[in-house]
Amino acid sequence: MAKPSLGNACHISIVVPFHNEEENVEPVLDHCLLALSSMPGKRCEIIAINDGSTDRTGEILRKISERDGRVRILAFSRNCGQAPALYHGLRMARGEILVTLDGDGQNNPGDIPAMIERLESSGADLVSGVRVDRRDSRLRRWMSRLANRIRRSILDDGVTDSGCALKVFRRSVVDSLIPIRTLYSFIPALAKAAGNRIEECPVDHRERQGGQTHYGLRVMLWRPALDLLGVWWFSRRRFPILETSGEKSPPDSETGRGRGSGSGVKTAMLLTGLSIVFLTQLGSYPLLEPDEGRYAEIGREMAEPGGDWIVPSLNGIPHFQKPPMIYWFTAISQKVFGASEIAARLPSALSAIATLFLTLGIARRLFQDRVVERYALIILASSPLFLFLGRTLTPDMHLTFWITASIFCLVRSRPENLFGEPNHRPLFWGWMFFLCLGLGFLTKGPMAFVIPLSAAIGSSISLRRYGIAKPRLPWMAGI
């Protein structure tokens, strides 16, 4: 069978990076070719990128390319990463409409025709997929939701799911991209900063059928967090790329303040910077003896196959020195990320970051002042003991988190706030107050009760003097 000829130009280019995906290469490309066949009359190509694979990925790609000339191969001699593969693949593509998707088979190429139709009918420059029923692990979905929320609050790109690799956009969007390691997460933000219009489209998401994921903690947290600051700066400083006809208008960052600008952006930037402080270099120094080494080893033994999650043990001997919450957190982290200093300290760092968010929430409910919110965050994060405990494996930061969470629930448990505005579901937050007390008790014993209960009793007695409704707490049942 003769190989089809493409000539020098085509209408649609699909760019797919592969790295050690020998089990997924053929199904992914077959489904892409099937999707292209459903759009007759349009000249199409597939840019299949072999990103330094060490398995049979390159061999399978060559066979498919020999069978169908629409498949073009871009091969790297070593593994460069998804972002460089996408960047060079997009620049190699000849289509007027470009499509990107992952090579792991979790994106459904069957969604491509509908997304292209949406792009052409709406007049948008980029259509980004939104995975409506994700087939990833619960931890990965949670991390993705957190990252998307932080990214949207800072960049205001209007995209719900920037991590979805399935995107369709016009060739002009490529000119707005910059070669950074986390390009795949910031394509919509860079496109919008250049004046392009973005829409979203729900897409299917499938379970990985073969191979192993290449996303670790560093790829999903450290790199995007650092590049987020750079993309924010670049998006604010660049000028929009406008057509000579004047049909496009500058983005919000040029015409006025959008939702992500002003004080809200400053607070989000501060939170992001503080989060990076707690998350970076957690494994650059050994575990401190005796506490960190003991807690990490108990968690490691608990996470081992057949480990006892009810009775903590150290070197096989039952160990009841502390309540079990610290051991559970450490065991879960090491089970997910492997036994290392980073995995051992990660729960403390996450508790510190969560405490910052809770502090922000408390300040917002009590003062409704962005400046006060930022001062509260700076004062807390600059406290030497808080900074130290947030990067150390001890129960103290987890206890701090539960105490702060209980105070947050206490503030939310009043029928109205200090400004007379109604609070939603005050009784629910009253129940959550006692739940946080219980979880704090499982972290470091009765100390978790002292501060929250003192605050609850004091506020119940004193707030009536100022005409403010006292918290709605289910005292008997909660205790």
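Definitions and limits used
- Residues numbered from 1 in each chain as written.
- Predicted model: local features only at pLDDT ≥ 70, side-chain atom pairs only at ≥ 80, totals over all residues.
- Heavy atoms only, no water.
- Helix = DSSP H or I, 4+ residues; strand = E, 2+ residues; numbered from the N terminus.
- Buried < 20%, exposed > 50% of the residue type's maximum accessible area, 1.4 Å probe, protein only.
- Contact = heavy atoms within 4.5 Å.
- Pairing = 2+ DSSP bridges.
- Right-handed = clockwise from strand over helix to strand, strands pointing away.
- Salt bridge = Lys/Arg side-chain N within 4 Å of Asp/Glu carboxyl O.
- Disulfide = S-S within 2.5 Å.
- Polar contact = N/O pair within 3.5 Å; in protein donor to acceptor, adjacent residues only side chain to side chain.
- pLDDT = per-residue confidence, 0-100.
- Core = buried A, V, L, I, M, F, W, Y, C linked by side-chain atoms within 4.5 Å.
- Axes fitted to C-alpha atoms, helices over the stretch in contact; angles between N-to-C directions.
- Left-handed = near helix turned anticlockwise from the far one by under 90°.
- Patch = residues over 30% accessible without salt bridge, like charges linked within 9 Å, V, L, I, M, F, W, Y side chains within 5 Å.
- Areas by Shrake-Rupley, 256 points an atom, 1.4 Å probe, with all protein chains shown as cover.
- Phe/Tyr/Trp six-rings, centres within 6.5 Å; stacked < 30°, edge-to-face > 60°.
- Lys NZ or Arg CZ within 6 Å of the ring centre and 35° of its normal.

**Side note on the overall build of the chain**
Scanning the chain for helices and strands turns up 18 helices and nine strands. Across the 479 residues of the chain, 50% fall into the buried class. Of all intrachain contacts in the chain linking residues separated by at least 6 positions in sequence, the fraction that spans at least 24 positions is 76%.

**A short note on the pairing of strand 1 (residues 10-18)**
Extensive coverage of strand 1 is indicated by the burial of eight of its nine residues. The pairing of strand 1 with strand 4 (residues 95-100) spans five bridges and is classified as parallel. Each bridged residue has a counterpart across the sheet, and for S13 the counterpart in strand 4 is L98. Each parallel crossover has a hand, and for strand 1 linked through helix 1 (residues 25-37) to strand 2 (residues 44-51) it is right-handed.

**Quick notes on the pattern of salt bridges**
Opposite charge on two side chains allows them to pair when their charged atoms are near. Enumeration according to the criterion identifies 17 salt bridges in this entry. The residue R370 makes a salt bridge to E373 at a minimum N-O spacing of 3.7 Å. In this pair, R370 and E373 both sit in helix 13 (residues 370-381), three residues apart, roughly one turn of the helix. Look at R370 and you get partly exposed, because its relative accessible area is 35%.

**Some remarks on the state of the cysteines**
Under the defined criterion, the tally for this structure stands at zero disulfides. Free cysteine: C409, not disulfide-bonded; nearest cysteine sulfur from C436 at 4.1 Å. In this structure C409 comes out as buried when scored by relative accessible area, which is 4%.

**Brief notes about the side chain of T57**
Note that T57 resides in helix 2 (residues 57-67). Taking relative accessible area as the criterion, T57 reaches 0% and is therefore assigned buried. In terms of polar contacts, T57 uses its side chain to reach the backbone amide nitrogen of E22, at 3.2 Å. Excluding residues within four positions of it along the chain, T57 makes contact with F18, N20, E21, E22, V25 and N50.

**Describing the pairing of strand 5 (residues 126-131)**
With respect to burial, strand 5 is a largely interior element, six of its six residues being buried. Alternating positions in strand 5 separate into two faces, L126, S128 and V130 on one and V127, G129 and R131 on the other, with burial throughout. Bridge analysis of strand 5 against strand 6 (residues 167-170) gives three bridges, and the strand direction is antiparallel. Its bridge partner lying in strand 6, V127 is registered against V168. Pairing of strand 5 with strand 7 (residues 198-203) involves six bridges; the strand directions are parallel. Directly across from L126, in strand 7, lies its bridge partner I198.

**Describing the confidence of the model for the chain**
For the chain, the average pLDDT comes to 84, and 87% of its residues sit at 70 or higher. By mean pLDDT, helix 8 (residues 252-255) is the weakest element of the chain at 39, and strand 6 is the strongest at 95. A low-confidence stretch, residues 1-7 (pLDDT under 50), is modelled with 16 contacts involving residues beyond four sequence positions or located in other chains. Note on residues 244-262: pLDDT under 50 across the span, and 33 contacts to partners over four residues away in sequence or across chains.

**A look at the nonpolar core**
Ranked by size, the top nonpolar core spans 32 residues in total, and within it V15, I49, L90, L126, L155, F169 and L183 carry the most contacts. Put simply, the parts of the chain that give this core at least two residues each are strand 2, strand 3 (71-76), helix 3 (82-92), helix 5 (138-155), helix 6 (183-193), helix 7 (217-237) and helix 9 (263-279). Not counting residues up to four positions away in its chain, the partners in contact with V15 are I47, I49, L86, G89, L90, A93, V99, T100 and L101. Counting residues in each nonpolar core, the second largest holds 31 residues, with V28, I97, V99 and L119 among its members.

**Comments concerning the packing of helix 10 (residues 291-303) against helix 11 (residues 325-337)**
One can describe the packing of helix 10 onto helix 11 by two numbers: an axis separation of 8 Å at closest approach and a directional angle of 65°. In the crossing of helix 10 with helix 11, the sense of the turn from one axis to the other is right-handed. Seen from helix 10, the contacting residues are Y295, A296, I298, G299, R300, M302 and A303; seen from helix 11, they are I326, Y327, W328, T330, A331, Q334 and K335.

**Quick word on the sheet that holds strand 2**
Strand-to-strand pairing in sheets goes through backbone hydrogen bonds, with the strands running parallel or antiparallel. On the basis of which strands lie adjacent, the open sheet formed by seven strands has the order 3-2-1-4-6-5-7 and mixed pairing. One side of each edge strand has no neighbouring strand; the edge strands of this open sheet are strand 3 and strand 7. Averaged over all adjacent pairs, the angle separating strand axes in this sheet is 20°, with direction ignored. Direction of pairing for strand 2 relative to strand 3: parallel, over a ladder of six bridges. Across the sheet, residue A48 finds its bridge partner in strand 3, namely I73. Its contacts with the sheet put helix 4 (residues 112-122) on strand 1, strand 4, strand 5, strand 6 and strand 7, and the angle it makes with strand 6 is roughly 35°.

**Regarding a nonpolar patch on the surface**
On the surface, L139, W142, L146, W309, I332, V336, F337 and F357 cluster together into a nonpolar patch covering about 650 Å² of accessible area. Elements with a contribution of two residues or more to the nonpolar patch: helix 5 and helix 11. A relative accessible area of 31% places F337 in the partly exposed class.

**As for the packing of aromatic side chains**
Following the criterion strictly, the structure yields eight aromatic pairs and no others. Between F408 and W429, the aromatic rings sit 5.7 Å apart at their centres with planes inclined by 85°, giving edge-to-face as the arrangement. With F408 in helix 15 (residues 395-412) and W429 in helix 16 (residues 426-444), the pair connects residues that are 21 residues apart, well separated along the chain. As far as the burial class goes, F408 and W429 line up, both buried. Note on F433 and F434: the rings are 5.2 Å apart at their centroids and 85° apart in plane angle, and the pair reads as edge-to-face. The two residues F433 and F434 agree in class, both being buried. Taken together, the ring pairs connect F408, F428 and W429 into an aromatic cluster. Sitting over the face of the ring of Y295, R294 holds its NZ or CZ atom 5.5 Å from the ring centroid.

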